[in-house]
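Spelled out, the chains give:
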Amino acid sequence: MTKDVLVQISGMQVDVENEAIELLVPGNYYMKNDKHYVLFEEQPDDQGPVTKNIVKFNDDFFELTKKGGNNSYLRFDRDKTNSSIYQTPVGPIQLDVATHEFHIQETDDEITVQVKYGLDINYQFISNCEVDFRVKAR
């Protein structure tokens, strides 16, 4: 895999009739201590602040850290529930993600991670969700 990559993320709440959220941005990839790292930036709108993202994963976990416009941390482990605090403009909320499925596929120029999980907010079930994370060599 090259250092310069394209990052494609699509996510959706399975139980809700919303369209999938899609993101396609340039990023940087490297591997260290048997873990994949992907760094990329996103800007929700032309006027908003830039959010810096760090994705770290291997065969056992996938985690996303966001810093900037909105700060958050999500971690998905195989068959495990993880909790985190998500800071919002109206105050913090408790997020719990229960990972149901976790798949990684690797080739020389592409890595795909698929996660299916249940989402609870403030201890109340919200929806089953899916995230597809793809990194392609540029």
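First things first, this report covers the structure right here in the doc.

The rules behind these values
Residues numbered from 1 in each chain as written. Predicted model: local features only at pLDDT ≥ 70, side-chain atom pairs only at ≥ 80, totals over all residues. Heavy atoms only, no water. Phe/Tyr/Trp six-rings, centres within 6.5 Å; stacked < 30°, edge-to-face > 60°. Helix = DSSP H or I, 4+ residues; strand = E, 2+ residues; numbered from the N terminus. Buried < 20%, exposed > 50% of the residue type's maximum accessible area, 1.4 Å probe, protein only. Patch = residues over 30% accessible without salt bridge, like charges linked within 9 Å, V, L, I, M, F, W, Y side chains within 5 Å. Areas by Shrake-Rupley, 256 points an atom, 1.4 Å probe, with all protein chains shown as cover. Salt bridge = Lys/Arg side-chain N within 4 Å of Asp/Glu carboxyl O. Contact = heavy atoms within 4.5 Å.

### Digging into the packing of aromatic side chains
Here is step 1 of the chain: A complete count under the given rule lists six aromatic pairs for this structure.
Here is step 2 of the chain: Between the aromatic rings of Phe-57 and Phe-133, the centroid separation amounts to 6.1 Å while the plane-to-plane angle is 75 degrees, which identifies the pairing as edge-to-face. One end of the pair, Phe-57, is in strand β4 (residues 51-57); the other, Phe-133, is in strand β10 (residues 124-137), with 76 residues separating them in the sequence. For the pair Phe-57 and Phe-133, one class covers both residues: buried.

### Points about a nonpolar patch on the surface
Here is step 1 of the chain: Taken together, the side chains of Tyr-30, Leu-39 and Ile-54 make up a nonpolar region of the molecular surface, amounting to roughly 240 Å² of accessible area.
Here is step 2 of the chain: By secondary structure assignment, the location of Ile-54 is in strand β4.

### Re the environment of Val-25
Here is step 1 of the chain: As for its position among the elements, Val-25 is in strand β2 (residues 21-32).
Here is step 2 of the chain: By relative accessible area, which is 11% here, Val-25 ends up buried.
Here is step 3 of the chain: Sequence spacing of Val-25 and Leu-6 is 19 residues, and the spatial spacing of their C-alpha atoms is 5.8 Å.
Here is step 4 of the chain: In contact with Val-25, not counting residues within four places along its chain, are Val-5, Leu-6, Val-7, Phe-40 and Glu-41.

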